[in-house]
Amino acid sequence: MEHQLQILIVMVIYMGLLILWGLYQGRKVKTSKDYAIAGRGLPGWVAALSERATGESSWALLGLPGAAYAMGLTEIWTALGCVFGIITAWVVLAWRLRDEAEKYNVNSFAEYISRKHGENGRQIRIVGSLTIVFFFFFYVGAQFLGGGKTLHTLFDIDARLGMFITAAIIVPYTIYGGFRSVVYTDVIQAIVMIITLIVGPITGIIYLANHPEIFAQSIPEALQSAGDSYTSVTGAARGFGAGLIIAGGFSWFFGYLGGQPQLSMRFMAIRDTRHAKKARNVGIAWTIVAYIGALSIGWIGIALFGPTGLDDPEYVMPRVILTLFPPAFAAILITGAIAAMISTADSLLILSATELSENLLKKEGAEAAKLKKDRTLRRSRLVTALLAVIALAIAYVSPSNLIFTLVSYVWAGIGCTFSVVILLSLFWKRFHGRAALATIIIGLLFTVFWISGGFEQHYRITEEKTSFLIEQDVITEDETVLFEEMTGTKYVGAGSFEEDLTALVSEQWSSEEIEEKIPVLVTSYTEKGIPARLLTFIVALLVAVSCTYLVPKKGG
């Protein structure tokens, strides 16, 4: 209770200051260009920290440590894929996208692609913007849901009330200051995140060495004691299975190659080439340190709690921080983590609003020239407010499984598909508008087919994994009889698998046992296939190249 109160007090103060900082930055916004892309005048270090906070937030603080806790050394491949993708983006793409944005005088992601391929510009602008707005609606909704869940976990607040609190924190300054306010609040989040990911592991290693009563006294000992799958970089898999694990982890690389609009917009907003070089250095340094820290926190969690000591692996970071630090300092670090997760919604919200306002509602030609600057700025703010209300409503009324399923399409369907379009637009002169349009449509459709069909990930009870759970004392030998009915059956969705699993054990297990064991079982019985990220990138590339050669350029 004391921890909760301290975290709550720190969080209220932190969030209050964050809102004031965002509103202060919003005072400098005078035009729709300032609102959409900060007037393309961001200092390099600001753009870099904002891009990193937007790109990582809950992933670096919850997702990656949780995966490292659950998977051991296997998660190195995911980290390598992300790090190499981020480095490639900063070294190869960032300054080029900045120069292209200036050359074509664009304020949004889809607008750049449409102007680059002017012969099909209108179709690309409509299809690209509608795709981004539709999926990022749900992405924003997922951030509201995630914020509500986090507040519920920490303070026992109703999750739906938590959603409204999350929206109340980020929506005002996002509506008022647009991209500029979002970017400068991101900077604060990035600084707090990197402090957490540096101080946490260093303190953790010292703590382990001085507490012999815990599961292990070092990271190597923890991994060794947890079992063979934790010390193997392929999760003890061999042959094709090992290749899938490596490819699945490293496939995150492809989503960072310019195809995530919320990240590429930071590149495009950098002031000049000199600042682009500074941004590159800051972005790469932050990434390397952060990923080492995130993995280390996950492995320190194994040493502190054992491999099955947490109901939800994604909460390993807060648990580790609360164990290592005095409550007041832990509250600051955890509050920063929560704020980073919540504020991801502002980046996605302003991106969706910009795409809608600049590409679907913006008037062209002489009609556009008649509109005064204050009217276009007012329109941008109204669109942002409207989208925030709709996203909140969607999160409130839609089943959470539907929202998170649609979000799962974003990284592959949008990230990897648009990565192909951006790369070829920058480096292949022959690539044309019709090929770009076909690539966007087919890449997205393929992603939906692959993920919804359960080809990327599904759930199945197997004897091998059941034996492992018995060894780890998660379930007993007698309890395995309960699962015989489901053994071998393939489930595409986690929701249906969890529902059937719960129904089988509901009469034998108490509600506390169900709450504690079911999440562990769902995670343990997950089976990975070929990742959509990898295949979508390959399919999109094949479509792009084929259409470039086989489909004539419009007007050509």
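Definitions and cut-offs
- Residues numbered from 1 in each chain as written.
- Predicted model: local features only at pLDDT ≥ 70, side-chain atom pairs only at ≥ 80, totals over all residues.
- Heavy atoms only, no water.
- Helix = DSSP H or I, 4+ residues; strand = E, 2+ residues; numbered from the N terminus.
- Rg over C-alpha atoms; globule rule 2.2 N^0.38 Å.
- Buried < 20%, exposed > 50% of the residue type's maximum accessible area, 1.4 Å probe, protein only.
- Contact = heavy atoms within 4.5 Å.
- Areas by Shrake-Rupley, 256 points an atom, 1.4 Å probe, with all protein chains shown as cover.
- Lys, Arg positive; Asp, Glu negative; His and termini not counted.
- Charge placed at Lys NZ, Arg CZ, Asp CG, Glu CD.
- Core = buried A, V, L, I, M, F, W, Y, C linked by side-chain atoms within 4.5 Å.
- Phe/Tyr/Trp six-rings, centres within 6.5 Å; stacked < 30°, edge-to-face > 60°.
- Lys NZ or Arg CZ within 6 Å of the ring centre and 35° of its normal.
- Salt bridge = Lys/Arg side-chain N within 4 Å of Asp/Glu carboxyl O.
- Disulfide = S-S within 2.5 Å.
- Patch = residues over 30% accessible without salt bridge, like charges linked within 9 Å, V, L, I, M, F, W, Y side chains within 5 Å.
- Expected span 1.5 Å × (residues − 1).
- Axes fitted to C-alpha atoms, helices over the stretch in contact; angles between N-to-C directions.
- Parallel < 35°, antiparallel > 145°, perpendicular 65-115°, else oblique.
- Left-handed = near helix turned anticlockwise from the far one by under 90°.
- Polar contact = N/O pair within 3.5 Å; in protein donor to acceptor, adjacent residues only side chain to side chain.

Caption draft 1: Region of interest: the overall build of the protein chain. Within the protein chain, the regular secondary structure consists of 23 helices and two strands. Here the C-alpha radius of gyration of the protein chain, 24 Å, is about what a compact globule of 556 residues would show, namely 24 Å. Overall size of the protein chain, expressed as C-alpha extent along the three principal axes, is 75 × 55 × 40 Å. Here the protein chain holds 556 residues, and 57% of them are scored as buried. Counted over contacts in the protein chain with a minimum sequence separation of 6, partners at least 24 positions apart contribute 82%. With an accessible surface of roughly 22600 Å², the protein chain has 63% of that area assigned to carbon and sulfur atoms. The protein chain carries 44 positive and 45 negative side-chain charges, and their two centres are separated by 24 Å.

Caption draft 2: Spotlight on the nonpolar core. Ranked by internal contacts, the top residues of the largest apolar core, which has 161 residues, are Leu-42, Trp-90, Tyr-112 and Phe-144. The dominant element in this core, judged by the number of residues it contributes, is helix α8 (residues 159–209), at 17 residues. Among all residues touching Phe-144, those that are not within four sequence positions of it are Met-163, Thr-166, Ala-167, Ile-170, Val-171, Ala-345, Ala-388, Ala-391, Leu-392 and Ala-395. Ranked by size, the runner-up nonpolar core spans 19 residues in total, among them Val-505, Trp-509, Val-520 and Leu-521.

Caption draft 3: Summary view of the environment of Ile-442. Among the secondary structure elements, Ile-442 is positioned in helix α19 (residues 433–452). When the C-alpha positions of Ile-442 and Ser-57 are compared, they lie 30 Å apart, and in sequence the two are 385 residues distant. Ile-442 has contacts with Val-539 and Val-543, leaving out every residue within four places of it along the chain.

Caption draft 4: Broad picture of the packing of aromatic side chains. Taken as a whole and judged by the stated rule, the model has 24 aromatic pairs. Summarising the aromatic geometry, the rings of Tyr-491 and Phe-497 are spaced 5.3 Å apart at their centres and angled 65° between planes, so their arrangement reads as edge-to-face. Across this residue pair, the class does not change: Tyr-491 and Phe-497 are buried. Each member of the aromatic cluster is reached from another via a ring pair, and the members are Phe-84, Phe-250, Phe-253, Phe-254 and Phe-537. When the ring centre of Tyr-396 is taken as origin, the NZ or CZ atom of Arg-160, which lies over that ring, is 4.4 Å away. Just above the ring of Phe-305 sits the side chain of Arg-319; from NZ or CZ to the centre is 4.6 Å.

Caption draft 5: Just the pattern of salt bridges, in detail. By the definition in use, this model includes eight salt bridges. Note that Arg-460 is salt-bridged to Glu-527, the shortest N-O span being 3.4 Å. Separated by 67 residues along the polypeptide, Arg-460 in the loop between β1 (457–459) and α20 (463–471) and Glu-527 in strand β2 (residues 526–528) bring together distant segments of the chain. Exposure remark for Arg-460: the relative accessible area of 24% places this residue in the partly exposed category. Salt bridges sharing common partners tie together Glu-51, Arg-52 and Glu-56.

Caption draft 6: Region of the structure containing unusual backbone geometry. Even without being glycine, Arg-40 reaches a positive phi, approximately 45°. In this structure, Arg-40 sits in the loop between α2 (32–37) and α3 (44–55). Phi angles above zero are rare outside glycine, and Asn-105 is one such case at about 55°. Within the secondary structure, Asn-105 sits in the loop between α5 (76–104) and α6 (109–116). Classification of Asn-105 as partly exposed rests on a relative accessible area of 43%.

Caption draft 7: Geometry of the state of the cysteines. The final tally for this structure, using the stated rule, is zero disulfides. Take Cys-82: it sits in no disulfide, and the sulfur closest to it among the cysteines is that of Cys-416, at 11 Å. The class for Cys-82 is buried, based on a relative accessible area of 1%. Sulfur of Cys-547: no disulfide; nearest cysteine sulfur belongs to Cys-416 and is 18 Å away.

Caption draft 8: Up close: the environment of Gly-298. The residue Gly-298 is located in helix α13 (residues 273–305) in this model. The exposure class assigned to Gly-298 is buried, which follows from its relative accessible area of 0%. For Gly-298 and Tyr-69, which are 229 residues apart along the polypeptide, the C-alpha to C-alpha distance reads 4.3 Å. Excluding residues that lie within four positions of it along the chain, Gly-298 makes contacts with Pro-65, Ala-68, Tyr-69 and Val-316.

Caption draft 9: Focus on the side chain of Ser-296. When you line up the elements, Ser-296 lands in helix α13. Beyond its immediate sequence surroundings of up to four residues, Ser-296 is in contact with Pro-201 and Ile-219.

Caption draft 10: Quick peek at a nonpolar patch on the surface. Side chains of Leu-5, Leu-8, Ile-9, Val-12, Ile-13, Leu-17 and Leu-20 sit close together on the surface and give an oily, nonpolar patch of about 680 Å² of accessible area. Along the chain, Ile-13 falls in helix α1 (residues 2–26).

Caption draft 11: Structural detail: helix α4 (residues 58–71). In this model α4 runs 18 Å from its N-terminal to its C-terminal C-alpha over 14 residues, within 8% of the 20 Å that 1.5 Å per residue would give. Among the 14 residues that make up α4, ten are buried, leaving the element largely enclosed by the rest of the structure. Among all positions in α4, only Ala-60, Leu-61, Leu-62, Gly-63, Leu-64, Pro-65, Gly-66, Ala-67, Ala-68 and Tyr-69 are buried. Where α4 ends, the next residue or the one after it, Gly-72, has phi of about 75°, a positive value.

Caption draft 12: Spotlight on the packing of α5 against helix α12 (residues 261–268). In contact at an axis separation of 7 Å, α5 and α12 are set at 70° when each is read in the N-to-C sense. Classified by the angle between their axes, α5 and α12 sit roughly perpendicular to one another. By crossing handedness, the relation of α5 to α12 is classed as right-handed. Taken together, the residues of α12 that come into contact with α5 (itself represented by Ala-89, Trp-90, Ala-94, Leu-97, Arg-98 and Ala-101) are Ser-264, Phe-267 and Met-268.

Caption draft 13: Spotlight on the environment of Leu-349. By the secondary structure assignment, Leu-349 is in helix α15 (residues 327–361). For the pair Leu-349 and Val-320, spaced 29 residues apart in sequence, the C-alpha to C-alpha distance is 31 Å. Discounting chain neighbours no more than four positions away, the residues touching Leu-349 are Val-140, Ile-170, Val-171, Thr-174, Thr-384, Leu-387 and Ala-388.

Caption draft 14: Looking closely at the side chain of Ser-357. In this structure, Ser-357 sits in helix α15. Within polar-contact distance, the side chain of Ser-357 engages the side chain of Arg-379 at 3.5 Å.

Caption draft 15: Region of interest: a negative patch on the surface. A contiguous patch of negative charge on the surface is contributed by Asp-311, Glu-512, Glu-515 and Glu-516. In this structure, Asp-311 sits in the loop between α13 and α14 (316–324). Overall, Asp-311 belongs to the partly exposed group, its relative accessible area being 39%.

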